[in-house]
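Letter by letter, the chains look like this.
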Amino acid sequence: MTTTREFILVTHDLHPLTPIRIDDLPGSGRVDLIARTVTAALLLSHAIRTEVQVHIIVDDAYTITLDGAELRHLHPDERSTAAQIRNALAAHTEVIGAQPTPVSPGLSIRRGGIASTLSALPSTATPMRLAPAGQPLASLTVPTHPVCVLSDHRSFTDEELATLEPETTAVSVGPQVLHGADVVTVVHNYLDTAGFAHY
């Protein structure tokens, strides 16, 4: 299935060797926030969004990808999602070059960070950097292949912005700064309703 929506989540406290403790997700590289964003991107009430891929950038050195078309055993709770991320990180030593290393159905990890993830996008993609000072989401023509880049609880660094700004359009979902999971929900609603036009 052709992917029609992608989310790129840039993390700052998660590293390849971060020990992910299921009983302390906030202390495990803020995997609690990452897991919430992932589940918001991939899950409906009783189904997985099969048209969505989520790419988690780790240390700008590795990228974990969750592909809704193939993913299994994703549940609407932080712990099970965190376990999938932990499994992917555990496989980082098996990665060869930039080729994705499969971990389980729909879950893989590869070398490379923001730049390589953006460069791998097809020409049909519309990369959008979600930022408070961007142009209003509702002012955009609804893209056929949106790619939404967002940061975790920390702002993009100057180095990250140097990579992102030439390749993405800054887009805002509203005047208030929201949690990543809530931003993803707003974006999905915008896309699900063809730009807030059809309910």
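Keep in mind that what you see is a predicted model, and the values were worked out from it rather than measured. (Residues numbered from 1 in each chain as written. Predicted model: local features only at pLDDT ≥ 70, side-chain atom pairs only at ≥ 80, totals over all residues. Heavy atoms only, no water.)

Peer 1: When you look at the overall build of the chain in this model, what are you seeing that I'm missing?
Peer 2: In terms of regular secondary structure, the chain is built from five helices and eight strands. Scanning the chain from its N terminus toward the C terminus, one meets helices and strands in the order β-α-β-β-α-β-β-α-β-β-α-β-α. Here the C-alpha radius of gyration of the chain, 16 Å, is about what a compact globule of 199 residues would show, namely 16 Å. Over its C-alpha atoms, taken along the principal directions, the chain stretches across nearly 45 × 40 × 30 Å. Buried residues in the chain amount to 51% of all 199 residues. Within the structure as shown, the chain displays about 9600 Å² of accessible surface, and the carbon and sulfur contribution to it stands at 54%. Side chains of the chain carry 12 positive and 21 negative charges; the gap between the two charge centres is 4 Å. (Helix = DSSP H or I, 4+ residues; strand = E, 2+ residues; numbered from the N terminus. Rg over C-alpha atoms; globule rule 2.2 N^0.38 Å. Buried < 20%, exposed > 50% of the residue type's maximum accessible area, 1.4 Å probe, protein only. Areas by Shrake-Rupley, 256 points an atom, 1.4 Å probe, with all protein chains shown as cover. Lys, Arg positive; Asp, Glu negative; His and termini not counted. Charge placed at Lys NZ, Arg CZ, Asp CG, Glu CD.)

Peer 1: Help me understand the nonpolar core in this model?
Peer 2: Most often, soluble globular proteins have nonpolar side chains that are buried together. Ranked by size, the top nonpolar core spans 44 residues in total, and within it Phe7, Ile56, Ile64 and Ile85 carry the most contacts. If we skip the residues at most four places from it in the chain, Ile56 touches Leu9, Thr11, Ile34, Val38, Tyr62, Thr63, Ile64, Leu66 and Ile85. With eleven residues, the next largest nonpolar core counts Val10, Ile57, Ala125 and Phe156 among its residues. (Core = buried A, V, L, I, M, F, W, Y, C linked by side-chain atoms within 4.5 Å. Contact = heavy atoms within 4.5 Å.)

Peer 1: Explain the layout of surface pockets here, please?
Peer 2: If you roll a probe as big as a water molecule over the atoms, it shows you where there is empty space left. In this model, the largest pocket occupies a volume close to 590 Å³. As for the largest pocket, its lining consists of 31 residues, of which Leu130, Ser151, Asp152, Val177 and Leu178 are closest to the centre. Put simply, the parts of the chain that give the lining of the largest pocket at least two residues each are α1 (31-42), β6 (126-136), β7 (146-151), β8 (169-172) and α5 (180-192). Split into classes, the residues belonging to the lining of the largest pocket amount to 17 nonpolar, ten polar and four charged. (1 Å grid on protein atoms, 1.4 Å probe; cavity = no way out; pocket = protein on both sides within 12 Å on 5 of 7 lines; lining within 4 Å. Points joined across faces, edges and corners; volume = space filled by probe spheres on them. Nonpolar A, V, L, I, M, F, W, Y, C, P; charged D, E, K, R; others polar.)

Peer 1: How should the packing of aromatic side chains be read in this particular structure?
Peer 2: Each aromatic ring pair is described using two quantities: the centre-to-centre distance and the angle formed by the ring planes. This model, assessed by the stated rule, comprises one aromatic pair. Look at Tyr190 and Phe196: their rings are 5.4 Å apart centre to centre, the planes differ by 65°, and that puts the pair in the edge-to-face class. (Phe/Tyr/Trp six-rings, centres within 6.5 Å; stacked < 30°, edge-to-face > 60°.)

Peer 1: Would you take a moment to explain the pairing of β7 for this structure?
Peer 2: When a strand is regular, its side chains alternate between the sheet's two faces. Among the six residues in β7, six count as buried, and that is most of the element. In β7, alternate side chains face the same way, and those of Pro146, Cys148 and Leu150 on one face and Val147, Val149 and Ser151 on the other are all buried. The sheet contact formed by strand β1 (residues 5-10) and β7 spans five bridges and is parallel. Residue pairing in the sheet places Leu9 in a bridge with Leu150 of β7. (Pairing = 2+ DSSP bridges.)

Peer 1: It is not clear to me how the sheet that holds strand β2 (residues 52-58) should be interpreted in this structure. Could you clarify?
Peer 2: Through backbone hydrogen bonds, the strands of a sheet pair up, either in parallel or in antiparallel fashion. Pairing within the open sheet is mixed, and its eight strands lie in the order β4-β5-β3-β2-β1-β7-β6-β8. Either end of the sheet is taken by a strand with one partner, and the two such strands are β4 (101-104) and β8. If you compare each strand with its neighbour and ignore which way they point, the axes differ by 30° on average. Two strands pair when backbone bridges link them, and β4 and strand β5 (residues 107-111) are joined in this way by three bridges, in the antiparallel orientation. Paired with Thr101 across the bridge in β5 is Ile109. Along the sheet, α1 contacts β1, β2, β3 (62-67) and β7; its crossing angle with β2, the most-contacted strand, is approximately 160°. Across the sheet, helix α2 (residues 78-90) lies against β2, β3, β4 and β5, angled at about 40° from β5, the strand it touches most. (Axes fitted to C-alpha atoms, helices over the stretch in contact; angles between N-to-C directions.)

The values reported here are purely geometric and, on their own, carry no functional implication.
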